[in-house]
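The lines below spell out each chain.
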Amino acid sequence: MVADGDVRTVLRGTHKTARGDACAPWGARKTCVWDDLGRTEGSDLTVKLHYHLIAQIISSLRDVFVDRRYADKVVEYAFKRHPKWGSRDRKLFAEAVYEIVRHWRWYWYLAGQPDAEHAQREAITMERLWHVWAAYWVMAEHELPFFDEVGAVRRAYILERAKADVSPALRASIPDWMEKRLGDELGAAWPAIRETLNKPADVYLRVNTLKTERRSLKTRLAQEGFITDGIKEIPTALHLRQRYNVFGMAAFKEGLFEVQDASSQCVAPFLQVEPGMKVVDACAGAGGKTLHLGALMQNKGKIIALDVHDWKLAELRKRTARAGVDVAETRVIEGTKTLKRLAGYADRLLLDVPCSGLGVLRRNPDAKWKLSNEEIDRLIIEQQDILSRYSALVKPGGKMVYATCSILPGENEQQVQKFLSTRGDEWTLEEEMKINPAETGHDGFYAARLVRKKEEPKAAPAIVEEAAVLPPVEPEVSKDDLPAQSD
Ligand SMILES: C[S@@+](CC[C@H](N)C(=O)[O-])C[C@H]1O[C@@H](n2cnc3c(N)ncnc32)[C@H](O)[C@@H]1O
């Protein structure tokens with residue numbers, strides 16, 4: 001008996017080979033036909049395992065591990081290259097690439113290859129990539145197909161290796177340096193977080209409250225066949241029960257929702273914006289949080305979205321147009337002038353700083369193989385620099401949120417404490433939010449809200465004759481430098 005949803009497959013209508021494997025009955029070496037157990041022949045659940053599909057998986061893995069490309073871009077590229085793939089082929093392809101990237105070190109080991117070589121580009125040959133895929137396929141409880149490239153692979157060998165007693169880092173496919181750093185910084189909390197971060201992420205939608213509300217969107221999506229569930233604690237979030245191509249949905253094109261993890265949806269509300277405020281989103285990127293801020297401000301006030309990359313801000317502009325956010329203006333940061341012009345401008349400042357992304361490894365598993373201790377150290381210096389320099393944008397009495405999608409205390413609370421150790425006379429920590437993926441099932445996030453002290457009321461100057469002849473004090477920022485919207 002096989003439970004519904006069981007991923008095991010058996011071959012049907014095929015020739016058996018001497019190994020007990022099977023190939024296509026028509027003798028074509030390149031295609032094997034598989035059917036889920038318990039499904040009737042010819043049902044729409046039949047999966048065709050085409051040679052070219054697996055060859056594309058191998059080639060895409062090469063792109064990720066040898067050419068160092070991002071896994072999501074590689075998957076996107078393959079989909080564009082094969083427009084005729086049906087949804088089943090796309091699913092099989094994407095699942096294989098992401099699962100192998102996620103568990104790379106483990107499958108590499110199961111394939112009988114030296115652990116020490118898993119991260120060495122020159123050691124990652126096409127032959128070895130086929131064997132890694134074979135290990136993944138066997139562990140997913142599939143029979144190996146009769147392709148020459150995996151002809152030498154023995155199922156029993158892989159299953160036997162899977163029983164070996166290996167280090168937790170190898171078993172969980174975490175690089176040793178990362179295991180040590182996270183273990184040292186998170187202590188007893190790390191093993192549970194490690195386990196959670198190795199699972200595929202669910203898809204969450206953020207309801208665009210400028211255009212609809214949660215109940216209406218849920219009903220609309222259900223009518224179109226997409227079932228969602230509300231998240232009690234997060235009023236804007238809908239959890240998608242199954243993976244769909246959400247970007248193709250009419251409701252998405254109408255700007256009724258954005259795709260945004262439940263944790264990420266907690267950041268903009270944490271900034272406590274109100275309609276009419278002047279807000280700066282200083283590391284706005286493609287604007288996930290800018291859009292949310294615009295909705296919370298009910299499209300009243302002003303948001304200045306900054307980033308060092310104009311191409312990201314171009315994407316933000318497209319998204320604001322779709323979402324109907326009218327209050328956001330983009331500015332690319334070029335030198336120190338952009339910031340100086342905004343000194344003391346903001347009621348609220350969001351610093352969603354560049355970070356290691358260790359809280360979102362479920363979404364970007366390739367970060368495990370691209371990050372390094374040195375890169376994290378460099379990011380920590382950059383984050384402190386942003387926190388210290390950009391805080392000048394907040395007006396006295398205003399607030400800023402420092403946020404990361406990292407779980408490392410060194411990028412989070414320690415950064416805030418370091419900032420306060422030199423700026424504590426001017427800033428106070430109002431609240432911290434730490435989202436632990438193991439406790440919530442959502443991405444790991446950190447946010448701290450700090451308040452800039454109000455200016456002390458100046459003592460009335462003693463009226464003396466000379467005061468009338470003192471020259472006027474030059475303002476640090478001239479009126480021309482002030483942003484247009486401050487008028
Ligand atoms: C975590 S991402 C922001 C994600 C974005 N807020 C969102 O919700 O979609 C960090 C962003 O900071 C930008 N960045 C990097 N260095 C920066 C700097 N010195 N000043 C401002 N932005 C910077 C990066 O280009 C990137 O888009």
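Analysis parameters
- Residues numbered from 1 in each chain as written.
- Predicted model: local features only at pLDDT ≥ 70, side-chain atom pairs only at ≥ 80, totals over all residues.
- Helix = DSSP H or I, 4+ residues; strand = E, 2+ residues; numbered from the N terminus.
- Contact = placed C-beta atoms within 7 Å.
- Near = placed C-beta within 6 Å.
- Nonpolar A, V, L, I, M, F, W, Y, C, P; charged D, E, K, R; others polar.
- Pairing = 2+ DSSP bridges.
- Axes fitted to C-alpha atoms, helices over the stretch in contact; angles between N-to-C directions.
- UniProt positions renumbered as here; feature names shortened; annotations may be inferred.
- Buried ≥ 20, exposed ≤ 12 C-beta atoms within 10 Å, placed from the backbone.
- Right-handed = clockwise from strand over helix to strand, strands pointing away.
- Core = buried A, V, L, I, M, F, W, Y, C linked by C-beta atoms within 7 Å.
- Parallel < 35°, antiparallel > 145°, perpendicular 65-115°, else oblique.
- Left-handed = near helix turned anticlockwise from the far one by under 90°.
- Domains from an automatic or database assignment.

For the chain, the count of helices and strands is 19 helices and 16 strands. Within the chain, residue pairs in contact and separated by at least 24 positions form 69% of the contacts whose partners lie at least 6 positions apart.

Attention now goes to the site of the ligand. Near the ligand lie 17 residues; those nearest to it are Cys283, Gly285, Gly288, Lys289 and Asp352. At the level of secondary structure, the elements contributing two or more residues to the shell around the ligand comprise α13 (288-296) and β11 (302-307). Considered class by class, the residues forming the shell around the ligand number 9 nonpolar, 4 polar and 4 charged.

Moving on, we get to the sheet that holds strand β15 (residues 427-435). The strand order β12-β11-β10-β13-β14-β16-β15 describes an open sheet built from 7 strands, whose pairing is mixed. Edge strands, defined here as strands with exactly one partner in the open sheet, are β12 (328-332) and β15. Ignoring which end each strand starts from, the neighbouring axes of this sheet average 15° apart. As defined by bridge partners, strand β10 (residues 278-281) adjoins β11 across 4 bridges and the pair is classed as parallel. By the bridge assignment for β11, Lys278 is matched with Lys302. Sheet strands in contact with helix α14 (residues 310-323) are β11 and β12, and its direction is about 170° off that of β12.

This paragraph deals with the UniProt feature "domain: SAM-dependent MTase RsmB/NOP-type" (unreviewed entry) in the chain. What UniProt calls "domain: SAM-dependent MTase RsmB/NOP-type" (unreviewed entry) maps, in this numbering, to residues 193-453. Split by type, residues 193-453 is 33% helix and 26% strand. Its first and last C-alpha atoms lie 37 Å apart.

We now examine the pairing of β11. Every other side chain in a regular strand lies on the same face of the sheet, so the side chains alternate between the two faces. Along β11, 6 of the 6 residues are buried, which leaves the element largely enclosed by surrounding structure. Residue alternation in β11 divides its side chains into two sets, Lys302, Ile304 and Leu306 and Ile303, Ala305 and Asp307, and both sets are buried. With α13 bridging β10 and the parallel β11, this β-α-β connection has right-handed handedness. In the sheet, β11 pairs with β12 via 5 bridges, with the strands oriented parallel. Among the inter-strand pairings, Leu306 is bridged to a residue of β12, identified as Arg331. Tracing the backbone out of β11, into α14 and back to the parallel element β12 gives a crossover that is right-handed.

Attention now goes to the nonpolar core. Membership of the largest hydrophobic core comes to 63 residues, with the highest contact counts inside it found for Val280, Ala282, Leu349, Leu351, Leu393 and Val401. Ignoring any residue separated from it by four or fewer positions in sequence, one finds Val401 in contact with Val267, Phe270, Leu271, Leu350, Leu351, Ala447, Ala448 and Arg449. The next biggest cluster of nonpolar side chains, apart from the first, holds 40 residues, and it includes Val74, Tyr98, Val101 and Ile124.

A few words on the packing of helix α17 (residues 373-390) against helix α18 (residues 413-423). Two measures define how a pair of helices packs: the angle their axes make with one another and the distance between the axes. Relative to each other, α17 and α18 sit at 45°, their axes nearing to 10 Å. Of the possible angle classes, the one that applies to α17 and α18 is oblique. Handedness of the α17/α18 crossing: right-handed. In this structure, α17 contributes Gln383, Gln384, Leu387 and Ser388 to the contact, and α18 contributes Gln415, Lys418 and Phe419.

What follows deals with unusual backbone geometry. In this structure, Arg68 takes a positive phi of about 60° despite not being glycine. Tracing the chain through its elements places Arg68 in the loop between α1 (51-65) and α2 (71-81). A residue is classified by how many C-beta atoms lie within 10 Å of it, and Arg68, with 11 of them, is exposed. If you check the backbone angles, Ser173 has positive phi at about 55° while not being a glycine. Within the element layout of this structure, Ser173 appears in the loop between α7 (168-171) and α8 (176-186). By the C-beta count within 10 Å, which is 22 here, Ser173 ends up buried.

Our focus in this paragraph is the UniProt feature "binding site: S-adenosyl-L-methionine" (unreviewed entry) in the chain. Mapped onto the present numbering, the UniProt feature "binding site: S-adenosyl-L-methionine" (unreviewed entry) falls on Asp307 and Asp352. Spanning 46 residues, the named residues nonetheless gather at one spot, since no C-alpha pair among them exceeds 10.6 Å. Here Asp307 shows up in strand β11. Here Asp307 is in contact with Cys283, Ala284, Gly285, Lys312, Leu313, Val332 and Ile333, once residues within four sequence places are set aside. Along the chain, Asp352 falls in strand β13 (residues 346-352).

Our next topic: the domain arrangement of the chain. Examined at the domain level, the chain breaks down into domain 1 (9-172), domain 2 (203-259) and domain 3 (264-452). On a C-alpha basis, the centroid separation for the pair domain 2 and domain 3 is 25 Å. On the domain 3 side, the residues contacting the 10 residues of domain 2 number 11 residues. A class-by-class count of the residues in the side of domain 2 that touches domain 3 yields 3 nonpolar, 4 polar and 3 charged.

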